[in-house]
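# Summary of the model geometry
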Amino acid sequence: MQFTDQEISAINKVVTSFAPNTELAVAKFVEGECQYYGTRCGVRGAEPVENHCSVFEIGSLTKLMTSSVLAQMVSEGKLTLDEAINSQLDIPIRDNRSISYGALATHTSGLPRLPPGLLWQALFKRKHNPYEAYLRDDLLHHLAHTITLGSQNKVNYSNLGAGLLGYVLSELEGRNYAQLLQNRLFKPLNMRYSFTNWRDVAGELVIGIGKNGEPTNNWDLGVLQGAGAVLSCVKDLAQYAKVQFAQAEPWVTLQQQILVEKRLEKVALGWFVLGSKEQGDLLYFHDGGTGGYSSVMLLDMDSQSGYIILSNISGLHKLKGQKVTKLGFELMRSLKGF
């Protein structure tokens, strides 16, 4: 159950390949039991650190939580996955198209990855906080006038779609996104160190590190909070994982149901699903990255095993931005023996 020397070596190898003060916080599950390991890159190499309650931006792991809220509301009979979101908007979607709640959570809405012009903002004008100025009026204007929906028969990963889902669920509930998660996930699951705004963080907020080793700004997600606004710690995310393992709540069962299966792609509500049930290697997966952080969650629901890794490694590294995800899969292969 403890971290093996092989696991610690793999984790330390990653952390020391980055700038000083880079941290990794890791949660490991075996048969539902959890252990933590933390490490920081110091002047003498990797140094152990107690950081399981330290707060990091988790990036797109937020999408799992947005989908959890959707699954809860469906289980409560407040909406259906096939129901169109259009009634929650003040405008018609361009070309009178409709988008369902389920399509937003499974990336089959036809929406592009990013809103119009946001990539330019990210590269040039607002590269340190690209989503900050993208607000409700921008979202509604783009949906009504400038966005052309693509095919709804294939998976097209969309931050815009996940952010829109968070927005319409908040509108339906009559709460803002922060209140939505506090009431439906953070408080019920005792996630004391989870937040949707870095200014509200209580406890230690680990400073993000940019791709050149410099401290970074924390991100504000504007109206697209549902795509990536959450900050959390591995201890809190372990609470979330244990609920997923237990599968005791109807919404959890719904969230894990594979709804889209096209060739090698399997998608549940928020989750990407790898492997096959028949071979006993079904793996639920998501990762995330922001300007100063990277994260990954890999869970085998049947054996209640897996890993959660949070870091202050920039997700914008051209060559190294996927190291945290790769580490997660390396650890998982070692744990499962394949």
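Now for a quick tour of the structure. (Residues numbered from 1 in each chain as written. Predicted model: local features only at pLDDT ≥ 70, side-chain atom pairs only at ≥ 80, totals over all residues. Heavy atoms only, no water.)

Right, let's get into the overall build of the protein chain. Summing up its helical and strand segments, the protein chain has 11 helices and 11 strands in all. With respect to the principal axes defined by its C-alpha atoms, the protein chain has extents near 60 × 50 × 35 Å. Taken over 338 residues, the protein chain has a buried fraction of 55%. Taking as baseline every contact in the protein chain between residues at least 6 positions apart, the subset at least 24 positions apart corresponds to 68%. Once the 32 positive and 32 negative side-chain charges of the protein chain are each reduced to a mean point, those two points are 6 Å apart. (Helix = DSSP H or I, 4+ residues; strand = E, 2+ residues; numbered from the N terminus. Buried < 20%, exposed > 50% of the residue type's maximum accessible area, 1.4 Å probe, protein only. Contact = heavy atoms within 4.5 Å. Lys, Arg positive; Asp, Glu negative; His and termini not counted. Charge placed at Lys NZ, Arg CZ, Asp CG, Glu CD.)

As a further point, take the packing of helix α2 (residues 62-75) against helix α9 (residues 234-246). At a minimum axis separation of 13 Å, α2 and α9 run at an interaxial angle of 45 degrees. In terms of their interaxial angle, α2 and α9 are classed as oblique. In terms of crossing hand, the pair formed by α2 and α9 is left-handed. Contacts from Leu 64, Met 65 and Ser 68 in α2 reach Leu 237, Tyr 240 and Gln 244 in α9. Here the residues of the contact of α2 with α9 sort into four nonpolar, two polar and no charged. (Axes fitted to C-alpha atoms, helices over the stretch in contact; angles between N-to-C directions. Parallel < 35°, antiparallel > 145°, perpendicular 65-115°, else oblique. Left-handed = near helix turned anticlockwise from the far one by under 90°. Nonpolar A, V, L, I, M, F, W, Y, C, P; charged D, E, K, R; others polar.)

Inspection of every chain in the model, using the stated rule, returns nine salt bridges. With a shortest N-O distance of 2.3 Å, Arg 136 and Asp 90 are connected by a salt bridge. With Arg 136 in helix α5 (residues 136-146) and Asp 90 in the loop between α2 and α3 (101-105), this pair connects stretches of sequence that are 46 residues apart. The partly exposed category is assigned to Arg 136, whose relative accessible area is 30%. Notably, a salt bridge pairs Arg 184 with Glu 173, separated by 2.9 Å at the nearest N-O pair. Here Glu 173 lies in helix α6 (residues 159-173) and Arg 184 lies in helix α7 (residues 177-186), a separation of 11 residues in the sequence. Taken individually, Arg 184 and Glu 173 each receive the classification buried, so the pair is uniform in this respect. One salt-bridge network, in which partners are shared between bridges, spans Glu 76, Lys 78, Glu 173 and Arg 184. (Salt bridge = Lys/Arg side-chain N within 4 Å of Asp/Glu carboxyl O.)

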